[in-house]
Amino acid sequence: MNTFRDVIGRKNITEHLKNAIRLNRVSHAYIFCGEDGIGKNFVADIFAAALQCSEYNGEPCCRCKACRQAESGNHPDIIRVLHEKAAIGVDDIRAQLNNDIAIKPYSGRFKIYIVDEAEKMTEAAQNALLKTIEEPPEYAVILLLTNNTSAFLPTILSRCVMLNLKTVSRESIRTYLMETCRIPDYQAEVAAAFSGGNLGKAIRYASSEDFAHRREDVLHLVKYIGEMQISEIMEYLKHLAEDKPAIQDCLDLMLLWYRDVLLFKATRDTEQIIYREELFTIQKQAAERSFEALGHIIQSFGTVRTRLNANVNFEASVELLLLALQEK
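What you see as residue numbers is a count from 1 along each chain, following the sequence as written. The predicted origin of the model limits local features to residues at a pLDDT of at least 70 and limits the giving and counting of side-chain atom pairs to 80 or more, whereas totals for whole chains, interfaces and linings rest on all residues. Only hydrogens and water are removed before side-chain values are computed, so all heavy atoms of the structure are retained for them.

Trainee: In this structure, what is going on with helix α10 (residues 209-224)? I would like to understand it.
Mentor: In an α-helix, one turn spans 3.6 residues, which is why side chains three or four residues apart end up on the same side. Runs of E in the DSSP output that reach at least two residues are strands. Runs of H or I that reach at least four are helices, and both are numbered from the N terminus. Helix span, expected: 1.5 Å multiplied by one less than the number of residues in the helix. A rise of 1.5 Å per residue sets the reference length of α10, with its 16 residues, at 22 Å; its end C-alpha atoms lie 23 Å apart and thus fit the reference within 8%. Relative accessible area decides the class of each residue, using a 1.4 Å probe on protein chains only: under 20% of the type maximum gives buried, over 50% gives exposed, and in between gives partly exposed. Buried within α10 are the following residues: Phe211, Arg214, Arg215, Val218, Leu219, Leu221 and Val222. Projected down its long axis, α10 carries its buried residues within an arc of 165 degrees, all on one side. Residues of α10 that are exposed and angled more than 90 degrees away from the buried face: Glu209 and His213. Arc definition: it is the arc formed by the directions from the helix axis to the C-beta atoms.

Trainee: What's the story with unusual backbone geometry in this structure? I'm lost.
Mentor: What you tend to see is this: most non-glycine residues have negative phi, and most peptide bonds are trans. In this model, Asn24 sits at a positive phi of 55 degrees, which is unusual for a non-glycine residue. On the secondary structure map, Asn24 appears in the loop between α1 (11-22) and β1 (29-33).

Trainee: Just checking my understanding: could you explain the environment of Gln52 for this structure?
Mentor: By secondary structure assignment, the location of Gln52 is in helix α2 (residues 40-52). Take Gln52: its relative accessible area is 4%, and that puts it in the buried class. The spacing of Gln52 and His75 is 23 residues in sequence and 8.9 Å in space, taken between C-alpha atoms. Note on definitions: a residue-residue contact is assigned when non-hydrogen atoms from the two residues lie within 4.5 Å. Those residues in contact with Gln52 that sit more than four places away from it in its chain are Ala66, His75, Asp77, Ile78, Gly108, Arg109, Phe110, Lys111 and Ile112.

Trainee: Please explain the pairing of strand β3 (residues 111-115) as it appears in this structure.
Mentor: Of all 5 residues making up β3, 5 are buried, and the element is well covered by its neighbours. Burial along β3 is two-sided: the face carrying Lys111, Tyr113 and Val115 and the face carrying Ile112 and Ile114 are both buried. Handedness of the crossover joining strand β2 (residues 78-80) and β3 through helix α4 (residues 90-98): right-handed. One bridge is not enough; two strands pair if DSSP finds at least two bridges between them. For β3 and strand β4 (residues 140-146), the ladder comprises 5 bridges, and the chain directions are parallel. Looking at the pairing, Val115 lines up with Leu144 of β4. Handedness of the crossover is the feature at issue here: the chain leaves β3, passes through helix α5 (residues 123-134), returns alongside β4, and the resulting connection is right-handed. Viewed with both strands pointing away, a crossover whose connecting path from the first strand over the helix to the second turns clockwise is right-handed.

Trainee: Please clarify how the side chain of Lys40 should be interpreted in this entry.
Mentor: Residue placement: Lys40 occurs in helix α2. Looking at Lys40, the relative accessible area reads 6%, which means it is buried. If near-sequence neighbours (up to four positions away) are discounted, Lys40 is found in contact with Phe32, Cys33, Gly34, Glu35, Leu145, Thr146, Asn147 and Leu165.

Trainee: What am I meant to see in the packing of helix α7 (residues 170-179) against helix α8 (residues 185-195) here?
Mentor: Between two packed helices, both the angle of their axes relative to each other and the distance between the axes serve to describe the pair. To obtain an axis, a line is fitted to C-alpha atoms, over the contacting stretch when the element is a helix, and the angle between two such axes runs from 0 to 180 degrees between their N-to-C directions. Interaxial distance between α7 and α8 falls to 8 Å at its minimum, and their mutual angle equals 140 degrees. Looking at the two axes, α7 sits oblique to α8. Crossing of α7 over α8 shows right-handed handedness. Together, Arg170, Ile173, Arg174, Leu177 and Met178 of α7 and Asp185, Ala188, Glu189, Ala191, Ala192, Ala193 and Ser195 of α8 make up the contact between the two elements. The class makeup of the residues in the contact of α7 with α8 is 7 nonpolar, 1 polar and 4 charged. Note on terminology: angles under 35 degrees are roughly parallel, angles over 145 are roughly antiparallel, angles of 65 to 115 are roughly perpendicular, and the others are oblique. Each helix crossing is assigned a hand: it is left-handed if the near helix lies turned anticlockwise from the far helix by less than a right angle, otherwise right-handed if that turn is clockwise. The classification used treats Ala, Val, Leu, Ile, Met, Phe, Trp, Tyr, Cys and Pro as nonpolar, Asp, Glu, Lys and Arg as charged, and all other residues, Gly among them, as polar.

Shown next as structure tokens:
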């Protein structure tokens, strides 16, 4: 079972939550904010278990009945508010939270409601929730998990304790992947760099066969694109087009490569190189390409992302990028 000791890089948040329990200053409503995969559910589940733990000392003891129930997802007083439609509607909030919260806890000290993707609540749903947050039973704790606090009404924000889960350092993620997940160092380095400080993404990337294959495809392209014919580049374009949802991964992997080339050209520092196993090719490209060409290539990644987000023709957008990669 996980405890706050398993939370990486969030000491300020974990200490705040542990102290709230120890000092009996638990709020009735919290907002856990951070990008998808950042660990909101992970931290919320540990907090819920710690609140229900029979020892009640700030950490789940991992031994008592309440902890075992929390770990298995069967604690009767830890309730996840679910929704079947794209939005969380007023009926979802009323049926699963407002109408239920008046019933006292079955066995726990608290009755805890976890609302994931809370930014999807409609305005009517938020107004219904607001009435409960304003006058909650003393045993109620509501955890709103979101990637976008701007979707909330100001009145909701003003009545919740805000906890921002920011990105984790690359070194912390790398160490976690190597020591806890037993990922090889070079693979952990790439996954950590690619994750952008998101531990959930890093774990997924490090253990995904699809990601490993995607990385090999991208490596082949960036290593040999200078020698490829236009027809070969267009063939790769068709390959990308078959897997459009993965294009952002491919763009990130390519960008990391050219970031390595530019970094080496500017500093000759090999310690910060991500694709360290390809150092010879990185050195070669750094010698062949000008600072101006590398700067233009890196800018091209931003351009193609903007175009793709604006639903500009996929093939045309990526073709311009691939042609830019041939510049010297």
